[in-house]
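Here's the letter readout for the chains.
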Amino acid sequence: MLKNSLCFFVFFGVLLCTQDWAVKYQNKVWSQQDFYRFFPKNDWLQVDNKEKKDKILTSFLKQNVAAYNAEVLGLNFSPEVAKKISARYNMLMVNEYYMRHFLGSVIPSSALFFCGQHLKNEVFVKHILLKHVEGLRGEASPVFQRAQNIKDSLLSFGVSFEGVAISFSEDPSVTTNKGGLGWLSIGKTVPEFEKGVFGLCVGCLGVLETDFGFHVVRVDSLRPSMYASLSQEEYDDFVFRFSSSYIKGPLKDLAAQHDSLLVRSAGVVFDFVALTEIVELIDEELRLKFGDRRAVDVLKILRDYPGIIMKYNSNLFGGGWFAQKIERSLHSSVFYASVDEIYKDFLTVVLRDIVYQKGLDLGLNRGFSFVNQYFPVRLGVLEKAYLSFLVSSVEVPTDEEIKLYFRANSEGKDLNVAYNSIETILLQQKQEEVKSSFFEAIENRKNIIINEVWFGE
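Read on for an overview of the structure.

Here is what the cut-offs are and how they apply
- Residues numbered from 1 in each chain as written.
- Predicted model: local features only at pLDDT ≥ 70, side-chain atom pairs only at ≥ 80, totals over all residues.
- Heavy atoms only, no water.
- Helix = DSSP H or I, 4+ residues; strand = E, 2+ residues; numbered from the N terminus.
- Rg over C-alpha atoms; globule rule 2.2 N^0.38 Å.
- Buried < 20%, exposed > 50% of the residue type's maximum accessible area, 1.4 Å probe, protein only.
- Contact = heavy atoms within 4.5 Å.
- Areas by Shrake-Rupley, 256 points an atom, 1.4 Å probe, with all protein chains shown as cover.
- Lys, Arg positive; Asp, Glu negative; His and termini not counted.
- Charge placed at Lys NZ, Arg CZ, Asp CG, Glu CD.
- Polar contact = N/O pair within 3.5 Å; in protein donor to acceptor, adjacent residues only side chain to side chain.
- Axes fitted to C-alpha atoms, helices over the stretch in contact; angles between N-to-C directions.
- Parallel < 35°, antiparallel > 145°, perpendicular 65-115°, else oblique.
- Nonpolar A, V, L, I, M, F, W, Y, C, P; charged D, E, K, R; others polar.
- Disulfide = S-S within 2.5 Å.
- Core = buried A, V, L, I, M, F, W, Y, C linked by side-chain atoms within 4.5 Å.
- Salt bridge = Lys/Arg side-chain N within 4 Å of Asp/Glu carboxyl O.
- Left-handed = near helix turned anticlockwise from the far one by under 90°.
- Pairing = 2+ DSSP bridges.
- Phe/Tyr/Trp six-rings, centres within 6.5 Å; stacked < 30°, edge-to-face > 60°.
- Lys NZ or Arg CZ within 6 Å of the ring centre and 35° of its normal.

### Quick look at the overall build of the protein
Then comes step 1: Across its full length, the protein holds 20 helices and 10 strands.
Then comes step 2: A compact globule built from 457 residues should have a C-alpha radius of gyration of about 23 Å, whereas the protein, at 31 Å, is more than 25% larger.
Then comes step 3: Each principal axis of the C-alpha distribution contributes one length, and for the protein these read about 95 × 75 × 75 Å.
Then comes step 4: When burial is assessed residue by residue, the protein has 39% of its 457 residues classed as buried.
Then comes step 5: Considering only intrachain contacts with a sequence separation of at least 6, the fraction spanning at least 24 residues in the protein is 73%.
Then comes step 6: Put simply, the protein shows about 26,500 Å² of open surface, and 54% of that area lies on carbon and sulfur atoms.
Then comes step 7: Side chains of the protein give 51 positive and 56 negative charges; the mean places of these two sets differ by 4 Å.

Right, here's the structure in full:
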């Protein structure tokens, strides 16, 4: 009896652990979270048409089944595919550093708190706009006093907000919306406005100032926003994004200061004599190639350069290091016509390396945001690799197939003249057929099992 009970609980526990699966294909299982990386959960829950859901799921399957097949075939280990995945990983890491760490260092903590507190709600707002005059701002402006008077009238005499809006508001849309802005959530309006309205209680009136003018506002209702049902990780991610709009100061200047500090801290020093010599070598090769820039192998010149180009973190680096970094970035077609050009590009290469390493040290590659971005990018590379594999695996048309096509479609022509063209046509047809066959198998759900409980929700 005890043994049977134990088996039941083990089975039941396994069943519970697998309830979040969405799709199964051969030996592969995709969870609902995997699907929501492809199509956001909130958007999915809004789709009430089964046919639309099926189309979205088909798109998910086409990418993910192709990527799975690519991995089964080991295409992810091929040099070309591995290079593309690595380059995109590096690029996302650099972006993630700036989007998370750098922005996180300049976002006011008060903005994070405010957005975290209010993103879960949205408010129904009405407003009366009074535009600025003569460049006057703040409480010294006569417009501010007008706005206060209107607010006091609404509070004291109980007059219709809509009527006052039509009479006094300078919002061009007032004749149609009667002052109603509708439901607003964080991120829908400028920070000054949203900070004001989310600071009001339901039924309360206030006066706010933005670049548009002074606003007499009233919050009529409050309800949960679309963000209220998100997981904590997703919610925090959106809070961070919306908080970035509260950054004070020109972001470009802040980033430039940050980059300069990184370069100085890493002890980066370039040898401009070496940079000048490399540009001269490129110029000499350009003359030998009769001015054809595309014929100049800049990466080879860098790899063959014998001198030291840069000091970085107390280490010395030559041209081979830069050639490798440029090649791995998938932008191997480069040309430098001046020392200024090569210096700026090399400085960017070094800065990306610094940022990449710092991103790894900070563990940004394990964060929710990075993972959610990297997975679809990686899948996209593998999907293309598998489709390319299908196309390349098609056999070249046989001599007999070409002759049959010629007899059926090329009356009065010379086979020897048309042979290569027919071969190309038949090969393209076969390539399209093999791709179509793969897509049809997905659409017909061959070897695919769907969690109907989840799909039908």
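From this point, things continue past the structure.
### Things to note about the side chain of T58
Then comes step 1: Here T58 shows up in helix 4 (residues 50–72).
Then comes step 2: Owing to a relative accessible area of 10%, T58 belongs among the buried residues under this scheme.
Then comes step 3: A polar contact is formed between the side chain of T58 and the backbone oxygen of D54, at a distance of 2.8 Å.

### What about the packing of helix 5 (residues 79–106) against helix 12 (residues 251–265)?
Then comes step 1: As a packed pair, helix 5 and helix 12 sit with axes 11 Å apart at the nearest point and diverge in direction by 105 degrees. Considered as vectors, helix 5 and helix 12 are oriented roughly perpendicular to each other. Along its contact with helix 5, which presents Y97, Y98, F102, L103 and V106, the element helix 12 presents L251, L254, A255, H258, D259 and L262.
Then comes step 2: The class makeup of the residues in the contact of helix 5 with helix 12 is 9 nonpolar, 1 polar and 1 charged.

### So, the state of the cysteines
Then comes step 1: Tallying each qualifying case throughout the model produces 1 disulfide.
Then comes step 2: Between the sulfur atoms of C201 and its disulfide partner C204 the distance amounts to 1.7 Å.

### Side note on unusual backbone geometry
Then comes step 1: Non-glycine residue K178 carries a positive phi angle of around 55 degrees.
Then comes step 2: If you trace the backbone, K178 turns up in the loop between helix 9 (174–177) and strand 4 (180–185).
Then comes step 3: The partly exposed category is assigned to K178, whose relative accessible area is 43%.
Then comes step 4: Phi angles above zero are rare outside glycine, and N447 is one such case at about 65 degrees.
Then comes step 5: Examined against the element boundaries, N447 turns out to sit in the loop between helix 19 (415–443) and strand 10 (448–450).
Then comes step 6: For N447, a relative accessible area of 48% puts it in the partly exposed group.

### Section: the nonpolar core
Then comes step 1: Ranked by size, the top nonpolar core spans 77 residues in total, and within it I309, M310 and F346 carry the most contacts.
Then comes step 2: If near-sequence neighbours (up to four positions away) are discounted, M310 is found in contact with V268, V269, F270, N315, L316, F317, W321, F322 and V350.
Then comes step 3: Counting 26 residues, the second largest nonpolar core, distinct from the first, contains F102, C115, Y227 and F240.

### Some thoughts on the pattern of salt bridges
Then comes step 1: Across all of its chains, the model carries 24 salt bridges by this definition.
Then comes step 2: In this structure, R37 and D34 form a salt bridge, with 3.1 Å as the shortest nitrogen-oxygen distance. Remark: D34 and R37 occur in helix 2 (residues 32–38); sequence separation between them is 3 residues, near one turn of the helix.
Then comes step 3: Residue classification places R37 among the partly exposed residues on the basis of a relative accessible area of 23%.
Then comes step 4: Notably, a salt bridge pairs K62 with E443, separated by 3.4 Å at the nearest N-O pair. Taken as a pair, K62 in helix 4 and E443 in helix 19 lie far apart in primary sequence, 381 residues in all.
Then comes step 5: Salt bridges here are not isolated pairs; linked through shared partners, they connect E96, R100, D237 and R241.

### Side note on the packing of helix 4 against helix 19
Then comes step 1: Running from N to C, helix 4 and helix 19 cross one another at 120 degrees; their axes reach a closest spacing of 10 Å. Taken together, the axes of helix 4 and helix 19 lie oblique to each other. As for how helix 4 packs across helix 19, the hand of that crossing is right-handed. For the pair formed by helix 4 and helix 19, the contact residues are T58, L61, K62, V65, A66 and N69 on the first element and F438, F439, I442 and E443 on the second.
Then comes step 2: Its residues placed into classes, the contact of helix 4 with helix 19 shows 6 nonpolar, 2 polar and 2 charged.

### Thoughts on the sheet that holds strand 9 (residues 315–318)
The strands making up a sheet associate through hydrogen bonds between their backbones, and the pairing can be parallel or antiparallel.
Then comes step 1: The 3 strands lie next to each other as 7-8-9, forming an open sheet whose pairing is antiparallel. At either end of the open sheet lies a strand with only one pairing partner, and these are strand 7 (269–270) and strand 9.
Then comes step 2: With 4 bridges joining them, strand 8 (residues 308–312) and strand 9 adopt antiparallel strand pairing. When the sheet's bridge partners are listed, Y312 is paired in strand 9 with N315.
Then comes step 3: Each of strand 7 and strand 8 is contacted by helix 13 (residues 272–288), which is oriented at about 140 degrees to strand 8, the strand it contacts most.

### Re the packing of aromatic side chains
Then comes step 1: Under the criterion given, the structure shown has 39 aromatic pairs.
Then comes step 2: Relative to F242, the ring of F238 has its centre 6.3 Å away and its plane inclined at 25 degrees; by these criteria the two rings are stacked. Pair noted here: F238 and F242 are both in helix 11 (residues 232–243), with a separation of 4 residues, about one helical turn.
Then comes step 3: Classification of F238 as partly exposed rests on a relative accessible area of 23%.
Then comes step 4: Owing to a relative accessible area of 19%, F242 belongs among the buried residues under this scheme.
Then comes step 5: Through pairs of rings, three or more aromatic residues link up here, namely Y25, W30, F35, Y36, F38, F39, W44, F60, Y68, W454 and F455.
Then comes step 6: R37 extends its terminal NZ or CZ atom over the ring of F375, reaching a point 4.6 Å from the ring centre.

### Some thoughts on the pairing of strand 5 (residues 205–210)
Then comes step 1: For strand 5, a buried count of 5 out of 6 residues is recorded, marking the element as mostly surrounded by other parts of the structure.
Then comes step 2: As paired strands, strand 5 and strand 6 (residues 213–224) are joined by 6 bridges and run antiparallel to one another. Looking across to strand 6, one finds that T210 is bridged to G213.
Then comes step 3: Connecting strand 5 to the next strand, strand 6, in antiparallel fashion are 2 residues.

### A word on the environment of T398
Then comes step 1: Within the secondary structure, T398 is located in the loop between helix 17 (368–392) and helix 18 (399–409).
Then comes step 2: When the C-alpha positions of T398 and Q33 are compared, they lie 47 Å apart, and in sequence the two are 365 residues distant.

Remember that the coordinates give geometry; whether it matters functionally is a separate question.
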